[in-house]
Amino acid sequence: MNYPEDYSSEINELDLDEYKERNYIMDLENKILRAELKNKDISRENSQLKKENEILKRELDKLRIPPLIMGTVIDKISSRKVVVKSSTGPNFLVNISQFVDPEEIVPGERVCLNQQTLAVVEVLSKEKDYRAMAMEIEEKPNITFDEIGGLSTQIRDIKEVVELPLKKPELFEKIGIVPPKGILLYGPPGTGKTLLAKAVAYETNASFIRVVGSELVKKFIGEGAKLVRDVFKLAKEKSPCIIFIDEIDAVASKRTESLTGGDREVQRTLMQLLAEMDGFDSRGDVKIIAATNRPDILDSAILRPGRFDRIIEIANPNEDGRIEILKIHTSKMNLKNVNLRDVAKLTEGMVGADLKAVCTEAGMFAIREDREYIKLRDFEEAIEKIKSKTTPKEEIKPQVSLMYG
Ligand SMILES: Nc1ncnc2c1ncn2[C@@H]1O[C@H](COP(=O)(O)OP(=O)(O)OP(=O)(O)O)[C@@H](O)[C@H]1O
């Protein structure tokens with residue numbers, strides 16, 4: 001169409017204005033979109049941080065709760081005053097804390113006392129028995145040796161000393177040798193000691209009882225020795241059974257000359273443990289696996305023949321070990337162009353628990369970017385993040401004179 005010259009220039013100007021306006025609007029829309037995406041990212045990060053904050057708060061609360069003393073109510077003097085026989089020995093006349101319903105407290109009831117004020121702060125109902133609190137019992141843990149990476153030699157050793165005697169006791173009888181009763185796993189935290197013990201229980205169809213050394217002597221004051229007795233009794237009832245004692249150093253560190261009250265408690269618990277171990281038949285179907293990060297401080301009494309006389313080191317994984325562990329933890333992840341050897345090279349010094357955290361974190365980075373696959377960059381960022389949170393694991397060896405088998 002032909003327009004007169006002056007009219008067409010007016011239209012061109014109009015077009016230009018409209019064009020500029022449209023560009024401006026598009027620009028604004030892009031900015032809004034970017035701001036919205038950023039906002040989404042921030043709120044996702046915010047909720048992640050909130051979750052982390054919650055976890056840390058809970059951890060802090062746990063740390064703030066001082067250890068409690070167990071006791072049995074002997075007599076009720078008034079609605080808020082009772083006489084309690086403490087598990088540490090003496091009787092106390094104590095108050096009932098305002099958080100506890102005084103109606104619940106009758107003679108014979110087991111209660112927890114605050115260590116400083118000795119007030120009754122908790123009633124131990126039958127369901128919430130302290131034994132249940134101190135022991136983790138699994139009828140058949142669901143962990144197989146295939147889920148453990150980088151520990152093939154240790155798996156072979158453990159099979160020899162635990163699995164074989166449990167599955168074929170007649171073999172040992174024929175040959176005339178006594179299978180070991182207990183083995184000690186030592187190595188830095190997070191290297192898979194608990195995992196190994198659970199896998200042995202799974203492969204031998206055994207139940208699994210886990211107790212933590214530090215809890216036996218610090219959380220359930222005065223009950224350590226009794227708990228050890230109960231653990232062995234329960235293990236016999238549930239046999240075949242694997243007893244796993246984590247942090248054994250807390251009950252079996254070298255004896256010191258002067259004994260404080262706490263040390264005496266440790267002593268009593270250790271003596272009971274040694275007596276229980278000496279008292280049962282190594283050909284039976286209860287085996288004990290203990291774990292420690294501090295083999296250097298162990299009392300040699302527990303490493304004597306007939307006790308924990310097999311020692312297996314669970315060290316930090318090497319590069320091939322790290323690849324195996326990464327394979328396990330990425331088996332269900334959608335990876336794109338990720339060579340696990342590259343990831344293993346970047347994770348020198350990390351243990352299995354760190355590698356698991358790296359895999360989960362790499363997945364989180366992909367989710368944050370709305371991607372359905374995980375690339376090497378996600379692993380690199382995850383490694384940075386985990387490294388900034390963890391301290392390098394130190395390897396501590398037992399003293400040479402303590403090593404047997
Ligand atoms: N060798 C491994 N192969 C696969 N996963 C592992 C391995 N080691 C550790 N992990 C992962 O780390 C988690 C923690 O490991 P585990 O509890 O067995 O370590 P640990 O040596 O018993 O540590 P701690 O001394 O702190 O008790 C396991 O549940 C598992 O997911």
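What you see is a predicted model, and the numbers here were worked out from it, not measured in a lab.

K.L.:
Could you give an account of the pattern of salt bridges, with specific residues and numbers?
P.N.:
Pairing between side chains of opposite charge can happen when the charged atoms of each approach one another. Going through the model one piece at a time under the given rule, you end up with 19 salt bridges. Note that Asp246 and Arg210 form a salt bridge whose closest N and O atoms lie 3.1 Å from each other. Of this pair, Asp246 sits in strand β10 (residues 241-246) while Arg210 is found in strand β8 (residues 207-212), placing the two residues 36 residues apart along the sequence. Two residues, Glu380 and Arg377, come together in a salt bridge whose shortest N-O distance is 2.8 Å. In this pair, Glu380 and Arg377 are both assigned in helix α12 (residues 376-389), three residues apart and thus about one turn of the helix distant. Judged by relative accessible area, which is 28%, Glu380 ranks as partly exposed. Classification of Arg377 by relative accessible area gives partly exposed; the value is 46%. The network of salt bridges with common partners includes Glu136, Glu138, Lys198, Arg210 and Asp246.

K.L.:
Before we move on, could you go through the side chain of Arg371 and cite the residues and values that matter?
P.N.:
The topology assignment puts Arg371 in the loop between α11 (352-368) and α12. Of the residues examined, Arg371 reaches a relative accessible area of 14% and is grouped as buried. A polar contact is formed between the side chain of Arg371 and the side chain of Glu369, at a distance of 2.8 Å. For Arg371, the contacting residues outside a window of four places in its chain are Phe365, Ala366 and Asp378.

K.L.:
Got a sec to walk through the site of the ligand? Specific residues and values, please.
P.N.:
The local shell around the ligand holds 18 residues, among which Gly149, Gly190, Lys193, Thr194 and His329 are the closest. Between the ligand and Thr191 there is a distance of 3.1 Å, counted from an oxygen atom to a backbone nitrogen or oxygen. Starting from 630 Å² of accessible surface for the ligand in isolation, the protein chains cover 79%. Looking at the shell around the ligand, its residues break down into six nonpolar, eight polar and four charged. Both domain 2 (132-315) and domain 3 (319-388) contribute no fewer than three residues apiece to the shell around the ligand.

About the cut-offs
- Residues numbered from 1 in each chain as written.
- Predicted model: local features only at pLDDT ≥ 70, side-chain atom pairs only at ≥ 80, totals over all residues.
- Heavy atoms only, no water.
- Salt bridge = Lys/Arg side-chain N within 4 Å of Asp/Glu carboxyl O.
- Helix = DSSP H or I, 4+ residues; strand = E, 2+ residues; numbered from the N terminus.
- Buried < 20%, exposed > 50% of the residue type's maximum accessible area, 1.4 Å probe, protein only.
- Polar contact = N/O pair within 3.5 Å; in protein donor to acceptor, adjacent residues only side chain to side chain.
- Contact = heavy atoms within 4.5 Å.
- Near = heavy atom within 4 Å.
- Areas by Shrake-Rupley, 256 points an atom, 1.4 Å probe, with all protein chains shown as cover.
- Nonpolar A, V, L, I, M, F, W, Y, C, P; charged D, E, K, R; others polar.
- Domains from an automatic or database assignment.

All quantities given are derived from atomic positions and should not be read as evidence of function.
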